[in-house]
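Commentary on secondary and tertiary structure
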Amino acid sequence: MDAQAIRRTSIPRIRGIREQTYWQAVLAKLIRDKLTLAAMFGLAVIVTLSVAAAWISDQVLGFDPTSTNLINRNAPPTWAATAWPIFQEFTQTCQEGGVSTCRWSLWGRILSASWAGLRECLAAPRGTCHWMGTDQAGRDVLSRGLYGGRISLRIGLYVASISMTLGVVLGLISGYYAATFIDDIINAVIQTLGSIPLLFLLIILSRIFQPGPEGLSFLIGIFGWMGVSRLIRGQIFSIREREYILASRAIGASIWRIMFRHILPNVSSIVIVVGVFNVAGAIIAEAGLSYLGVGIGPPLPSWGNMMQGSLGNFTDAPWLVLAPGLFIFLTTLSIYLIGDGLRDALDPWVK
Amino acid sequence: MRQGLARYIIRRGLQSLFLVWIATLIGFTIYQLAPGGPLQFLDDDPKRTAADFNRLSALYGLDRPILVQYLVWLTGEDWLVLLPGGTAWQSGQCRNNAERCGRGILRFDFGRSFYFKGSNVIDLIVERIPATFILGFSSLVISVAVGIPSGIYAALNRGRLPDHIIRVTTVLVNTVPEWWIGLLLLIILGGYLRIVPLGGMETIGDGSLPDRLHHLALPAVVSAISGWISISRIMRFEMLEVLNQDYVRTARAKGLPEHLVILRHVLRNAILPFVTGLSGIFLLFLSGSILFELVFSWPGMGRLAVIAINSRDYPVMMGLFVISSFLGIMGVLMVDILYSFVDPRVKYEL
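In what follows, the accompanying structure is described. (Residues numbered from 1 in each chain as written. Chains lettered and ligands numbered in written order. Predicted model: local features only at pLDDT ≥ 70, side-chain atom pairs only at ≥ 80, totals over all residues. Heavy atoms only, no water.)

**Re the overall build of chain A**
Along the backbone of chain A there are 15 helices and 0 strands. Its C-alpha atoms give chain A a radius of gyration of 26 Å, more than 25% over the compact-globule value 20 Å for 351 residues. If one aligns the C-alpha atoms of chain A with their principal axes, the spans along those axes are about 85 × 55 × 45 Å. Here chain A, with 351 residues, has 48% of them falling under the buried criterion. Within chain A, residue pairs in contact and separated by at least 24 positions form 75% of the contacts whose partners lie at least 6 positions apart. Taken as a whole, chain A presents about 17,700 Å² of accessible surface, with 64% of it coming from carbon and sulfur. Across chain A, the 27 positively charged side chains and the 20 negatively charged ones have centroids separated by 8 Å. (Helix = DSSP H or I, 4+ residues; strand = E, 2+ residues; numbered from the N terminus. Rg over C-alpha atoms; globule rule 2.2 N^0.38 Å. Buried < 20%, exposed > 50% of the residue type's maximum accessible area, 1.4 Å probe, protein only. Contact = heavy atoms within 4.5 Å. Areas by Shrake-Rupley, 256 points an atom, 1.4 Å probe, with all protein chains shown as cover. Lys, Arg positive; Asp, Glu negative; His and termini not counted. Charge placed at Lys NZ, Arg CZ, Asp CG, Glu CD.)

Right under this line is the structure:
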């Protein structure tokens, strides 16, 4: 009897119970999780907007993200053009004697002016309304934000794939060869990298090499695998003593086959979840580096370097800080929620 | 037992020394990695001649073989004259300003800065260490003072509203860069409401304690956020672990009041693993402080790092890297030793 035949005959089907493979169960659980679905939808919208950034900037907004306009620098969002001076007047009343002297009555005028401005902006022809204001060179912040999403999301994906690959492979190796020479070396590297100021080293290296998005992802990625590797190593500790590993070793399976066909699938859920969180972490790291001026350099827009322009005048032009931060927040929040949902869904039989 | 402890401490000490050595290697590599050499920034000046370049690279000892450069950087050049047999790299006297020999980083001489011309790197760094420590220490205090109670509270109210609120806050705070939160608060509280100053460590000409605290408040609270979150998470997790133990059930069964169960039996055991969590926080002193010090114009090591990086001041970068690695490694070592004293169950093996 061949293997197929054995499988057909030896497992009797039980009536009334729907058989589910692992991935079917995961999918079924995921579909019931409304919050995760909403987050996935949100991320899909953000990705679509970034991918379509060129078309949206050109056809919908009517602004080029790199064309400067020096007579229109640091302009507030067009819909807030009348509301912004009133808001500044309000903040001035607050500065006279702390919060107690604030003239809260001004907010009525601020809100009505913004409302009128919003309706005007919606009706305005293409290329006249800056929805999120302009930056220090008079460029449209919203279209730069859309283009910035391309860079940030790309870096997030690259970094996650680099650090996950490194982390999984090294974690598998050090877990499988635990307490041997190879494991010791990997542990020593992890301990070394864990005890030096990595962010500082990262900043120095990106200052020296001035990398593009790919190079920057590489730099962030090679310093971000240690946590993953530790995690995988710990998991493999328990798995490698199981009977099925012993069995496949007994029938002469190669080490690589055991690692990638028998051990890896058992840690795949952890790998997926950690990888998703890694994307969010990389986006935040890129923002920090670019804000310092060592990550993605202008004229290429990224969410971090958009804020760099606000360094001297953030109280006069808060939209330069708010808008990119909002992009980062919405993106990482949806990634986070997806990761959280996946963590539950990938354990489908746990109630 | 005590002997085991001593052996453990010696072993960890040697290991840390090795790590410090690796850090000096990495720090020195930075110098060599710069494309066109560390003096490449001179190219920005159109009036620079090849003679200037050669003179400066001789002054900084960059014309020597790499290994010799590393040795000189590590141990100084004053003893090189003692070596017999004149070779090409042996100058016979200190090149770097005849009256003052380079003494090497082992004797706390990190050379001279490119940007702050003529200043000793070590002076520049030592000047700024107090500011970084004040900020780092106060944010550590705040994150412990907030993190431990909030973690305990979340664990005791597991699955109820307070737990959810704390969890949602942690997720929200995790999804934006912490320095961005600082920037936002600075705009609102500092720019619009003028409750806190817009940056710096003190009003110039007024170094009084209330003024300093006033300047410290916002930076300390904002940089405490990430520590608070991780401490509260560890605390919640450990509390839940301990609450399921048999001895807690026993304590309850014998009729001990709930607050005594928590104080005597749960908290004392849950707080131990938290000590190990502290070690990572030492590393944040420099790494994490760079962005916060930039946002709050805080005159510490992080600010110096930003200046050094933007002006390609390699000696300062290397000095900062080595010193902060040293501080980080020593911090981890101290916590490990502290932990082995606190927890008698720790194994003295590695």
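**Section: a nonpolar patch on the surface**
All names here are of chain A. Together, Leu27, Ile31, Leu37 and Met40 make up an exposed nonpolar region whose accessible area comes to about 340 Å². Mapped onto the nonpolar patch, the elements with two or more residues apiece are α2 (22-32) and α3 (34-51). Within the fold, Met40 resides in helix α3. (Patch = residues over 30% accessible without salt bridge, like charges linked within 9 Å, V, L, I, M, F, W, Y side chains within 5 Å. Salt bridge = Lys/Arg side-chain N within 4 Å of Asp/Glu carboxyl O.)

**Side note on the state of the cysteines**
Cysteine pairs can be covalently joined through their sulfur atoms, and such a bond is termed a disulfide. Residue and element names in this part refer to chain A. Under the defined criterion, the tally for this structure stands at 1 disulfide over all chains. Paired by a disulfide, Cys121 and Cys129 hold their sulfur atoms 1.6 Å apart. Across the disulfide from Cys121 to Cys129, rotation about the S-S bond amounts to roughly 85°, and the bridge is consequently right-handed. Cys129 matches Cys121 in its accessibility class, with the two residues each being buried. (Disulfide = S-S within 2.5 Å.)

**Description of the interface of chain A and chain B**
Residue-level contacts link 43 residues of chain A with 48 residues of chain B. For the pairing of chain A and chain B, the buried interface totals around 4,100 Å² over both sides, and the portion due to carbon and sulfur atoms is 78%. The largest per-residue losses of area from chain A upon contact with chain B belong to Phe200, Arg207 and Ile208 of chain A, which jointly make up 15% of the total buried on that side. Connecting chain A to chain B are 0 salt bridges. Sorting the residues of the side of chain A that touches chain B by element identifies α5 (83-97), α8 (181-194), α9 (198-209), α13 (255-292) and α15 (319-345) of chain A as the ones contributing at least two each. Among the elements that make up the side of chain A that touches chain B, the one with the highest residue count is α9 of chain A (10 residues). (Buried area = accessible area lost by both parts, 1.4 Å probe.)

**Observations regarding the packing of aromatic side chains**
Counted according to the given criterion, the structure contains 19 aromatic pairs over all chains. Relative to Trp179 of chain B, the ring of Tyr291 of chain A has its centre 4.4 Å away and its plane inclined at 15°; by these criteria the two rings are stacked. Of this pair, Tyr291 of chain A sits in helix α13 while Trp179 of chain B is found in helix α6 (residues 178-192), placing the two residues in two different chains. Overall, the relative accessible area of 5% leaves Trp179 of chain B in the buried class. These aromatic residues form a ring-pair network of at least three members: Trp84, Phe87, Phe90, Trp104, Trp107 and Trp319 of chain A together with Tyr192 of chain B. One residue, Arg240 of chain A, lies across the ring of Phe237 of chain A, its end atom 5.8 Å from the ring centre. (Phe/Tyr/Trp six-rings, centres within 6.5 Å; stacked < 30°, edge-to-face > 60°. Lys NZ or Arg CZ within 6 Å of the ring centre and 35° of its normal.)

**Re the pattern of salt bridges**
Within this structure, the stated rule accounts for 10 salt bridges over all chains. Note that Glu127 of chain B is salt-bridged to Arg128 of chain B, the shortest N-O span being 3.4 Å. Connected through shared salt-bridge partners, Asp135, Arg139 and Arg144 of chain A make up one network.

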